[in-house]
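Inside the fold
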Amino acid sequence: MAQPTIDPATLAELQETAGAAFVVELVDTFLAEAPLMLDDLKSALAAGDGDRFRRAAHSLKSNSNTFGALTLGAMARELELTGLDRALAAGGAPLDALADEYSRVAAALSELRDA
Amino acid sequence: MRDARHGAARLLVVDDNKVNRLLLARNLELQGHSVALAENGRVALEMLRRESFDLLLLDIEMPEMDGFQVLEQLVKDLQLRDLPVIVTSSLEGIHNVVRCIELGAEDYLTKPVNPVLLKARIGASLEKKWLRDQQKELVRRFATPEVAQHLHESGFALGGKRVRASVLFADIRDFTPLAESQPPEETIELLNTYYTLMFDAISDHGGIVSLMMGDGLMAIFGAPLPLPDHCASAVRAALEMVQMMQLFNLERAAAAKPQIRIGIGIASGEMVAGHAGTNERATYTCIGNTVNLAARLEAHTKVARRAILIDSETRAGLAGEVPSEPLGPVPFKGMAAPVEVFSVKAGSS
C-alpha cells in the first residue's frame, strides 16, 4: 500500500482540464455527497438491499477515481463486485475500513483544496 | 450550414451522481456545448419528450430507471429513436458494454471520462446525426410524412413486393424548344416552380414522387403504404396539377411569358414496388406493365390532345366520381392488345 491517498497526477490532470476553481467546487460537492454514500452502504447492508449496496459502492468508486483517490476507489470497487453477502459475512468490517480510508481522503482533499 | 454541423450542440447529461454530473457538464461546456442535467432515467425521458436535444450522455447504474431501460424506451419511441446516445459508465464487465451497443447506444465511454476522448466521440456522433438529419430531410422533400416514416422504419431495405397501385406520369409539353429559347437560369427557375406545384398536388393526395427526369416525373399512389382509393387519388392529384398550371399560366401571361402545358397519364393495377438500387444509392420505384402503360398514356396525350389520359382500371376505380370520356382502343408499343383509353375532363370546372 505504498499508494498515496490522492494520486497527484490524476488530480493535476483534473485541475488542468476542468479548471482549478471548478475542482474546488467539485471537491466540496464530493465531500458533501460521499458521507451520504457511506451511510447508504451501511443502511443497505442493514436492510439487506443488495442493489442499493452495489449502486452506492459503484458511485463511490467512480467519484474516488475522478479525484485520484485510488485506494478508496479500489476498496469501493471490491465492495461493488463482491456485493452485500461478502460484507455481511465479514461482519461489516470492510465498511469500517472504507470509512477510515474516506477520512484520509477527505483530509487530503481538504488540504489540497485550501492550498 | 457548417455551423449547424460543427458548432455548439444541446446535450442532456443523465447521471444519478452529482460529482459525475457536474464534471461532465463542465467538460462539455468548456467544449462550447449547452448542457441540461437529469438525475435519473425517468427525469431524462420526460425532458427528452419535452425539449429537443442533439445528443444524450447516459449513465447506466441509476435508481428509478437505469440506463438500459432508457435505451429500451428510446428504441420504441419514433421521435427519439435517432437521438445519438453515448453511454458514460464505470460499470464492470464487457457484457454491459455489449448490451448498451445492442440497445442502440452509439458509443461507450468509461468513467472517469477523458475530456479529449469525449470531445472526439461527441464530434463523431453529432456528425452522424447531422448526416441522418440530412437524409431525413431529403426523404421528407420527396415523400409525405407517412411514407417517409415507413421508409425510415423499414430501414430502406432493398427488395420488393407486389402491390395494387396507380402510377402517374407527367411532363411539360414542348419543353425542349422552350428551354432552348430562354436563359438557363429562367429554365431552372421554371422547373423549380413546376416541381414545387406538382409535388404539392401529388402529396396532397397521398402520392409519392419516385422519379424526376428533366421536366418529367413519375408518382406512385398506393405504395409503399396502401391507399384504398388509389385510382381516385391519382386522378384528383392530376386534376389539381392541371389546375395549378392554369393558375401559374395566369401569372406567366401577366409577365408576357409563354404558357406551360402538361400531359398526364395514369394507369392502375398490380405492380412490383420496392427500393431498387445499391445500398449506397437506392430509389423507391414500381416496375411492371402498368408502369409502362402509364408512360405510354402520358406520351399519347400529345396525340389525343388531352391533358389527362387514364386506363380502364383507373376509370373503374373512379366509380363515376369524376366524369371521363372514352376515346376507344389505342395500340401501344410493347402492349399485346390495343388498350381502352379514357380522357378525364380537366379545367372545365
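Read on for a plain summary of the structure. Each chain has its residues counted from 1, running along the sequence as written. Chains and ligands are labelled sequentially in the order written, the chains with letters from A and the ligands with numbers from 1. Selection of residues for local features in this predicted model requires a pLDDT of at least 70, selection of side-chain atom pairs for listing and counting requires 80 or more, and totals for whole chains, interfaces and linings are taken over all residues.

**Here's the deal with the overall build of chain A**
- Helix and strand labels come from DSSP, where a helix needs a run of H or I of at least four residues and a strand needs a run of E of at least two; each type is numbered from the N terminus. Scanning chain A from terminus to terminus reveals five helices and zero strands.
- When the helices and strands of chain A are listed from N to C terminus, the series reads α-α-α-α-α.
- To sort residues by exposure, count the other C-beta atoms lying within 10 Å of each residue's C-beta; 20 or more gives buried, 12 or fewer gives exposed, and values between give partly exposed, all with C-beta atoms placed from the backbone. Taken over 115 residues, chain A has a buried fraction of 36%.
- Sequence separation of at least 24 residues holds for 63% of the intrachain contacts in chain A that already meet a minimum separation of 6. Placing a C-beta atom from the backbone of each residue, one calls two residues in contact when those atoms lie within 7 Å.

**Quick look at the overall build of chain B**
- Counting secondary structure elements, chain B contains twelve helices and 13 strands.
- Summarising the internal contacts of chain B: among those between residues at least 6 apart in sequence, 66% fall at separations of at least 24.

**A short note on helix H3 (residues 50-67) of chain A**
- Between its terminal C-alpha atoms H3(A) stretches 26 Å, which fits the 26 Å expected from 18 residues at 1.5 Å a residue.
- Within H3(A), 14 of the 18 residues are buried, which leaves the element mostly enclosed by the surrounding structure. Helices are assigned an expected span. That span is 1.5 Å times one less than the residue count.

**Side note on helix H9 (residues 184-204) of chain B**
Residue and element names in this part refer to chain B.
- Helix length check: H9, at 21 residues, gives a terminal C-alpha distance of 30 Å against a target of 30 Å (1.5 Å per residue), a fit within 8%.
- By the burial criterion, the buried members of H9 are Leu190, Tyr194, Met198, Phe199, Ala201, Ile202 and Ser203.
- The positive-phi residue at the C-terminal boundary of H9 is Gly206, with phi of around 85 degrees.

**What about the sheet that holds strand S3 (residues 55-58) of chain B?**
Residue and element names in this part refer to chain B.
- Strands are labelled as partners when DSSP assigns at least two bridges between them. Pairing within the open sheet is parallel, and its five strands lie in the order S2-S1-S3-S4-S5. The open sheet terminates on both sides in strands that have one partner only, identified here as strand S2 (34-38) and strand S5 (107-110). Along the sheet, successive strands turn relative to each other by an average axial angle of 20 degrees, direction set aside.
- Pairing analysis gives four bridges linking strand S1 (residues 10-14) to S3, with the strands arranged parallel. Paired with Leu12 across the two strands is Leu56, which belongs to S3. The axes used here are C-alpha line fits, helices contributing only the stretch in contact, and every angle between their N-to-C directions lies in the interval 0 to 180 degrees.

**Things to note about the packing of helix H2 (residues 20-47) of chain A against helix H2 (residues 18-30) of chain B**
- Contact geometry for H2(A) and H2(B): axes closest at 9 Å, N-to-C directions at 165 degrees. Judged by the inter-axis angle, H2(A) sits roughly antiparallel to H2(B). The crossing of H2(A) and H2(B) is right-handed. Along its contact with H2(A), which presents Phe22(A), Leu26(A), Thr29(A), Phe30(A) and Glu33(A), the element H2(B) presents Lys18(B), Val19(B), Leu22(B), Leu23(B) and Arg26(B).
- Residues are sorted three ways: Asp, Glu, Lys and Arg are charged, Ala, Val, Leu, Ile, Met, Phe, Trp, Tyr, Cys and Pro are nonpolar, and all the rest, Gly among them, are polar. Residue composition of the contact of H2(A) with H2(B), by class: six nonpolar, one polar and three charged. Roughly parallel refers to an angle under 35 degrees, roughly antiparallel to one over 145, roughly perpendicular to one between 65 and 115, and oblique to any angle outside these ranges. Should the near helix be turned anticlockwise from the far one by less than a right angle, the crossing is left-handed, and should it be turned clockwise, the crossing is right-handed.

**Details of the interface of chain A and chain B**
- Each partner contributes to the interface: chain A provides 16 residues, whereas chain B provides 15 residues.
- Among the elements that make up the side of chain A that touches chain B, the one with the highest residue count is H3(A) (eight residues).
- When its residues are assigned to classes, the side of chain A that touches chain B shows five nonpolar, eight polar and three charged.

**A word on the pairing of S1(B)**
All names here are of chain B.
- With four of its five residues buried, S1 lies for the most part within the structure.
- As defined by bridge partners, S1 adjoins S2 across five bridges and the pair is classed as parallel. Paired with Leu12 across the bridge in S2 is Ala36.
- A right-handed crossover is one whose linking path, passing over the helix from the first strand to the second, runs clockwise when the strands point away from the viewer. Viewed along the sheet, the connection from S1 through H2 into S2 turns out right-handed.

**Points about the packing of helix H1 (residues 8-18) of chain A against H2(A)**
Residue and element names in this part refer to chain A.
- In the contact formed by H1 and H2, the axes pass within 7 Å of each other and the chain directions differ by 120 degrees. Considering the angle they form, H1 stands oblique to H2. Seen from H1, the contacting residues are Leu14, Gln15 and Ala18; seen from H2, they are Ala20, Phe22 and Val23.
- The residue inventory of the contact of H1 with H2, partitioned by class, reads five nonpolar, one polar and no charged.

**A look at the nonpolar core**
- Working definition: the nonpolar core is a set of buried Ala, Val, Leu, Ile, Met, Phe, Trp, Tyr and Cys residues, joined through C-beta atoms within 7 Å. Residues Leu12(B), Val14(B), Leu55(B), Leu57(B), Val85(B) and Val87(B) are the most contacted members of the largest nonpolar core, which totals 60 residues.
- A per-element tally of this core places H2(A) first, with nine residues.
- Contacts of Leu55(B), omitting those with residues within four sequence positions, involve Ala9(B), Leu11(B), Pro84(B), Ile86(B), Ile122(B), Ser125(B) and Leu126(B).
- Counting residues in each nonpolar core, the second largest holds 52 residues, with Val209(B), Ala219(B), Cys231(B) and Ile308(B) among its members.

**Examining the environment of Pro94(A)**
Residue and element names in this part refer to chain A.
- With respect to the secondary-structure elements, Pro94 resides in helix H5 (residues 93-114).
- With 18 residues separating them along the chain, Pro94 and Ala76 place their C-alpha atoms 9.4 Å apart.
- If sequence neighbours within four positions are ignored, Pro94 has contacts with Leu79 and Ala87.

**Thoughts on the pairing of strand S13 (residues 339-344) of chain B**
All names here are of chain B.
- Of the pairings in the sheet, the one linking strand S11 (residues 308-311) to S13 comprises four bridges and is antiparallel in character. Looking across to S13, one finds that Leu309 is bridged to Ser343.
- Looking at chain direction, strand S12 (residues 324-330) and S13 are connected through six bridges and run antiparallel. Among the inter-strand pairings, Pro329 is bridged to a residue of S13, identified as Glu340.

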